[in-house]
Structure formats: structure tokens, C-alpha cells
Amino acid sequence: MTYLFLYVFGIVLIWWTYRVGWIEALKTVVKVIVPSLLIVLFNIKAGRLLFKSPVVGLLSALPTSIFIFRGSLPLVSYINNWIENKINKYHDSEVIDTDSIPLDD
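Rules used in this analysis
- Residues numbered from 1 in each chain as written.
- Predicted model: local features only at pLDDT ≥ 70, side-chain atom pairs only at ≥ 80, totals over all residues.
- Heavy atoms only, no water.
- Patch = residues over 30% accessible without salt bridge, like charges linked within 9 Å, V, L, I, M, F, W, Y side chains within 5 Å.
- Areas by Shrake-Rupley, 256 points an atom, 1.4 Å probe, with all protein chains shown as cover.
- Salt bridge = Lys/Arg side-chain N within 4 Å of Asp/Glu carboxyl O.
- Helix = DSSP H or I, 4+ residues; strand = E, 2+ residues; numbered from the N terminus.
- Axes fitted to C-alpha atoms, helices over the stretch in contact; angles between N-to-C directions.
- Parallel < 35°, antiparallel > 145°, perpendicular 65-115°, else oblique.
- Contact = heavy atoms within 4.5 Å.
- Nonpolar A, V, L, I, M, F, W, Y, C, P; charged D, E, K, R; others polar.

Turning to a nonpolar patch on the surface, a few remarks are in order. On the surface, a cluster of nonpolar side chains totalling about 920 Å² of accessible area is made up of Y3, F5, L6, F9, L13, V29, V32, I33 and L37. Take the nonpolar patch: its biggest share by element is five residues, from helix 1 (residues 2-20). Secondary-structure assignment places V29 in helix 2 (residues 22-45).

See the structure below:
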């Protein structure tokens, strides 16, 4: 079942990359992966509390996830801006505008 999920996820990721371009797809993946990793790392560290009392774990999982997600938005924005700056190396001052003249004239 896990392989089926990963297969479908891979197909969807390839389709999404084809549809919006690899830069936008990379930005979207960063928007999902960074908060998810931070939430998982927090839950690993707080695992002792969660295993001792499942009720406390259920009640604390959603608020902490919301706080971690909102707290990770500046980090996600910084990573996405870094990707944009690496892709767009040329600034307006470095680009020369030219006019094209057909050879027939």
C-alpha cells in the first residue's frame, strides 16, 4: 500500500511539474516539506509527553501544528526568495534592449 501511495504521489508530482513548471513546483514542495519536517521534529522531541498521556497528545497536536506552520512561513518565504534569486541571475541593468530589423528591409 505504501508503494502504491508513493507511485501515485510521484505521478502527481511529475504532472504538477509539467503543468506549472519546475520552479513553481519546487516552491510548492518547499511550502509543504519545511513545515511538515518542523512539525515531525517537534513531535519527536515531545514524544515522551505524547506517549504518557494520549489525551494531552490529541489536544496539543493541532495547536502546536498551527503555531509551527505559521512560525515556519518566514523560513519558507526566505527559501523561495533564494530560489527565485538563483534562477533570475540577470537584473534589468544587465539586459540590453535591441530592435530587430528584418533582412528584407
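Alright, that's what it looks like, and here's the rest.
This part is about the packing of helix 1 against helix 2. A pair of packed helices is captured by two measures, namely the crossing angle of their axes and the spacing between those axes. It is the contact of helix 1 with helix 2, at a shortest axis distance of 6 Å, that shows an interaxial angle of 130°. Comparing the axis directions of helix 1 and helix 2 gives the class oblique. Between helix 1, through L13, W16, T17 and V20, and helix 2, the contact on the second element is made entirely by W22, E24, A25, T28 and V29. Residues belonging to the contact of helix 1 with helix 2 are distributed by class as follows: six nonpolar, two polar and one charged.

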